[in-house]
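Residue-level structure breakdown
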Amino acid sequence: MGCRKSGDRHTMIRVVREGGGASLTLVVDPSGSAHGRGAWVHPDRACIAFALTRGGFQRSFRAPVDVAALAKEGTLERACEAMTHPNWGAEPHLEAG
């Protein structure tokens, strides 16, 4: 959405819209399976910046959206950091006992 390149959904961050009316609120969907229309962005700071500043979310959702919450709270950046962490996607360690 930011860089307009495709990718594997397991390597991308999904953002979904909430609410209705004149302006939609966006939230990160960590499960990648929330109901409703979603948009995918690479976990790359440049791609996220393009999506936030160049209207990528508005294009994807075909409606005015409120990106202020995503930008202000750093939600996408935190998701990006989590996905690029060395243990992302690793199976949880279960102790015998």
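Everything below is about the structure printed above this text.
What follows concerns the pairing of strand β1 (residues 13–18). In terms of strand pairing, β1 meets strand β3 (residues 38–41) through four bridges, oriented antiparallel. Following the sheet pairing, Arg 14 is matched in β3 by Trp 40. The sheet contact formed by β1 and strand β2 (residues 24–28) spans four bridges and is antiparallel. Pairing of Val 16 across the sheet is with Val 27, part of β2.

Bringing the environment of Arg 4 into the picture now. Among the secondary structure elements, Arg 4 is positioned in the segment before β1. A sequence separation of 52 residues divides Arg 4 from Gly 56, and the C-alpha atoms of the two residues are 8.5 Å apart.

What counts and what doesn't
Residues numbered from 1 in each chain as written. Predicted model: local features only at pLDDT ≥ 70, side-chain atom pairs only at ≥ 80, totals over all residues. Heavy atoms only, no water. Pairing = 2+ DSSP bridges. Helix = DSSP H or I, 4+ residues; strand = E, 2+ residues; numbered from the N terminus.

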